[in-house]
Amino acid sequence: MKMTFRWYGKDDPVTLEKIRQIPGMKGIVSAIYYIPVGEVWSYERIMELKAEVEAAGLELSVIESVPVHEDIKTGDGDRDRYIENYCTTLRNLAKAGIDCVCYNFMPVFDWTRSDLAYELKDGSNALIYNEETVLDMNPLTGDLSLPGWDASYTKDGMKALLEKYQSITEEDLWNNLKYFLDRVIKVAEEVKIKMAIHPDDPPWSIFGLPRIITNKKNIERFLKLYDSKYNGLTLCSGSLGVSPDNDIVDMIYSFPDRIHFAHVRNVKITGGKCFEESAHKSEYGSLDIVKIMKAYHDTGFTGYLRPDHGRMIWGETGRPGYGLYDRALGAVYINGIWETLEKTK
Ligand code: DNO
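Quick notes on the rules
Residues numbered from 1 in each chain as written. Predicted model: local features only at pLDDT ≥ 70, side-chain atom pairs only at ≥ 80, totals over all residues. Heavy atoms only, no water. Near = heavy atom within 4 Å. Polar contact = N/O pair within 3.5 Å; in protein donor to acceptor, adjacent residues only side chain to side chain. Areas by Shrake-Rupley, 256 points an atom, 1.4 Å probe, with all protein chains shown as cover. Helix = DSSP H or I, 4+ residues; strand = E, 2+ residues; numbered from the N terminus. Nonpolar A, V, L, I, M, F, W, Y, C, P; charged D, E, K, R; others polar. Pairing = 2+ DSSP bridges. Axes fitted to C-alpha atoms, helices over the stretch in contact; angles between N-to-C directions. Contact = heavy atoms within 4.5 Å. Patch = residues over 30% accessible without salt bridge, like charges linked within 9 Å, V, L, I, M, F, W, Y side chains within 5 Å. Salt bridge = Lys/Arg side-chain N within 4 Å of Asp/Glu carboxyl O. Buried < 20%, exposed > 50% of the residue type's maximum accessible area, 1.4 Å probe, protein only.

Undergrad: I'm lost on the site of the ligand in this one. Help?
TA: By nearness alone, 14 residues border the ligand, and E64, S65, N104, H309 and Y322 come closest of all. Measuring from an oxygen atom of the ligand, one finds a side-chain N or O atom of N104 at 2.9 Å. Protein burial of the ligand: of its 330 Å² of free accessible surface, 98% is covered by the chains. In terms of residues, the shell around the ligand owes the most to one element, strand β4 (residues 100–104), which gives three residues. Each residue belonging to the shell around the ligand can be placed in one class, and the counts come to five nonpolar, five polar and four charged.

See below:
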């Protein structure tokens, strides 16, 4: 297991210098945020990012994410050009020494929450999801934005895109995903980059849009679409774990050779399709983090792992879910479990 931490680049108030001081922290997970979705990441830009990370004494470990253009997900427009660009980016990343790339295939919206700073009993603030609130949200009114969403859409652009999805079924999305994998994984195999799809968060349809990377059965189907170790997973415990039918521990034992990147965080299911993000420690959420880490240990996991969303504690402000303190506590907790597993095997 290689412990890593997500860093959002120069504008991130959580600097590389601070990240380096977290005990046991080795690698950085980052991306080039200023290149528009679908365009090629040049070797030079990638090397700039890598040099910056290395100058701080860390290693650039995983790219999260190289985003997938909506034309690829809807299967029209310029998808072939965007797939070609994606492959060029992968070749450039490989030349720069990157061997793991995370991405997702969620239509329009990445992760979604109803409140970004809900006050928990202990006075900390967390991201929560309340089904009723989300059902009342209207992505077209323009007054709605979440940190995981692409803010570059105009209101009209968003409207047109949502309309386009009206005719796209889950099966269409599967076909478009296969079309993408058939072209991209071939290149990933060639340049030895392990592709790691991130599950849908939350793992159910929102705003009437199809979502497919949501449960074990669908993940099995995904892995078979292109049967190669390079077609793998980012196993995000918090994304899949908000559905009580998803058994994360079982998934880790089931797909040992295909999990390349682990996101470890806890969530507390508060009823139905409602949840709160909680501290990493098992007692605060619905997931048993020790059992999860034991499953990684038992299966000989050698991939990358990062603590995931943290609460805002000790008065910290910043990017929701991505402050320093609670994520650092998560990393140290996970490292503690891992060291125990190593020394008592
Ligand atoms: C949220 C993240 C996601 C993830 C993408 C991967 O905090 O886990 O935004 O980076 O879905 O493409």
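Still to come is the rest of the account.
Undergrad: Can you help me understand the sheet that holds strand β10 (residues 266–271) in this one?
TA: Strand pairing within a sheet occurs via backbone hydrogen bonds; the two strands may be parallel or antiparallel. Overall, antiparallel pairing links the four strands, which are arranged β5-β6-β11-β10 in an open sheet. Across the chains shown, the open sheet's two edge strands, defined by having one partner strand only, are β5 (115–119) and β10. Within the sheet, the average angular offset between the axes of one strand and its neighbour, ignoring direction, is 35 degrees. In this sheet, strand β11 (residues 274–278) lies alongside β10 in antiparallel orientation, the contact comprising five bridges. In the strand pairing of β11, I269 is matched with F275.

Undergrad: How do you make sense of the side chain of E70 when you look at a structure like this?
TA: Structurally, the position occupied by E70 is in helix α3 (residues 70–74). A polar atom in the side chain of E70 sits 2.9 Å from the side chain of K73. Residues contacting E70, with those up to four places away along its chain left out, are M106, P107, V108, Y153, L161 and Y165.

Undergrad: Would you mind going over unusual backbone geometry with me for this structure?
TA: For residues that are not glycine, phi is negative in most cases, and the peptide bond is trans in most cases. Put simply, E64 and S65 share a cis peptide bond, and its omega is 0 degrees. Turning to its location among the elements, S65 is positioned in the loop between β3 (59–64) and α3. The residue after D201, namely P202, is reached through a cis peptide bond having omega -5 degrees. Along the chain, P202 turns up in the loop between β7 (194–198) and α8 (216–225).

Undergrad: I would appreciate a short explanation of a nonpolar patch on the surface in the present structure.
TA: Taken together, the side chains of W314, Y325 and L329 define a hydrophobic patch exposed on the protein surface, amounting to about 350 Å² of accessible area. By the element assignment, L329 lies in helix α12 (residues 325–343).

Undergrad: Would you take a moment to explain the environment of A31 for this structure?
TA: Take A31: it is sitting in the loop between β2 (27–30) and α2 (43–55). A31 sits in the buried class, given a relative accessible area of 6%.

Undergrad: Can you walk me through the pattern of salt bridges in this structure?
TA: It is possible for side chains bearing opposite charge to pair when their charged atoms get close. With the rule as written, the count across this model stands at 28 salt bridges. A salt bridge links E39 to R81, with the nearest nitrogen and oxygen atoms 3.9 Å apart. On the criterion of sequence distance, the pair formed by E39 in the loop between β2 and α2 and R81 in helix α4 (residues 79–95) is long-range, its members being 42 residues apart. Using a relative accessible area of 32% as the deciding quantity, one classes E39 as partly exposed.

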